[in-house]
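# What the coordinates show
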Amino acid sequence: MVALSLGIGTMIGWKRIVKTIGERIGKEHLTYAQGASSELVAAAMIGVNTQFGLPVSTTHVLSSAIAGSMVANRGIKNLNPQMVRNIALAWVLTLPVTMFLSGGLFLLFRAIL
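Per-chain numbering applies: the sequence of each chain, read as written, is numbered from 1 onward. Reporting in this predicted model follows two pLDDT cut-offs: at least 70 for local features of residues, and 80 or more for side-chain atom pairs to be given and counted; totals over whole chains, interfaces and linings ignore these cut-offs and use all residues. Side-chain numbers come from the whole structure's heavy atoms, not from hydrogens or water.

## Re the side chain of S38
- Mapped onto the elements, S38 comes out in helix α2 (residues 32-51).
- A 1.4 Å probe rolled over the protein chains alone gives each residue an accessible area, and that area as a share of the maximum for its type sets the label: buried under 20%, exposed over 50%, partly exposed in between. Look at S38 and you get buried, because its relative accessible area is 2%.
- Separated by 3.3 Å, the side chain of S38 and the backbone oxygen of A65 make a polar contact.
- Here a residue-residue contact requires only that any non-hydrogen atoms of the pair lie within 4.5 Å. Those residues in contact with S38 that lie beyond four places of it in its chain are L62, A65, I66 and S69. Working definition: helices are DSSP H or I runs of at least four residues, strands are E runs of at least two. Numbering for both runs from the N terminus. Distance and chemistry together define a polar contact, namely a pair of N or O atoms within 3.5 Å, with one atom able to donate a hydrogen and the other to accept it when in protein, and with adjacent residues in sequence counting only for side-chain atoms on both sides.

Below you can see the structure in the form of structure tokens.
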């Protein structure tokens, strides 16, 4: 069910994802070489984490890999600081917010049922 939801969400919102990842992390457009190297690194990291049974966010891994390719291409000044700040804030808030929402829903469902 989760994979189906992610697939449908990506099919519907692909343009926003592509614009954010490919055009807004860095100050320049993502090149084919940067995209290919970022995808290879992301796939390798996801594979390694899977082998060790560690949870990993594909979005976090891929956006980090793209940021790394942007830095490798033109240095740290090639990153869009506001977008990097927004992504980092999302990373920091994801865990506590989902924990709070999940706990709240559990308490609600337990009270109802």
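## With respect to the nonpolar core
- Residues I21, I25, A42, V61, L62, I66, A67, M70, L79, M83 and I87 constitute the largest nonpolar core, which totals 11 residues.
- Among the elements that make up this core, the one with the highest residue count is helix α3 (residues 58-74) (5 residues).
- Those residues within four positions of I87 in sequence are excluded, and the remaining contacts are I25 and S63. We define the nonpolar core as a collection of buried residues of types Ala, Val, Leu, Ile, Met, Phe, Trp, Tyr and Cys that are connected through side-chain atoms lying within 4.5 Å of one another.

## Comments concerning the pattern of salt bridges
- For this document, the term salt bridge refers to a Lys or Arg side-chain nitrogen within 4 Å of an Asp or Glu carboxyl oxygen. Tallied over the entire structure, the rule returns 1 salt bridge.
- With a closest N to O distance of 3.0 Å, E28 and R74 form a salt bridge. Within this pair, whereas E28 is found in the loop between α1 (2-24) and α2, its partner R74 is found in helix α3, the two being separated by 46 residues in sequence.

## Observations concerning α3
- Along its 17 residues, α3 runs 25 Å from first to last C-alpha, staying within 8% of the 24 Å computed at 1.5 Å per residue.
- When we look at burial in α3, the residues that qualify are V61, L62, S63, A65, I66, A67, S69 and M70.
- If you follow the buried residues of α3, they end up packed against α1, α2 and α4 (81-112).
- Just past α3, the residue G75 takes up positive phi, approximately 90 degrees. Here the expected length of a helix is defined as 1.5 Å per residue gap, with one fewer gap than residues.

## As for α4
- Between its first and last C-alpha atoms α4 spans 45 Å; for 32 residues at 1.5 Å apiece the expected length is 46 Å, and the two agree.
- Across the chain, bend at a residue is computed as the angle between axes fitted to the seven residues ending at that point and the seven starting from it. At T94, α4 shows its largest kink, close to 35 degrees, and the proline P96 lies no more than four residues downstream.

## A look at the side chain of S63
- In this fold, S63 is placed in helix α3.
- Here T59 takes part through its backbone oxygen, which lies 2.8 Å from a polar atom of the side chain of S63.
- Contacts of S63, omitting those with residues within four sequence positions, involve I21, I25, I87 and W91.

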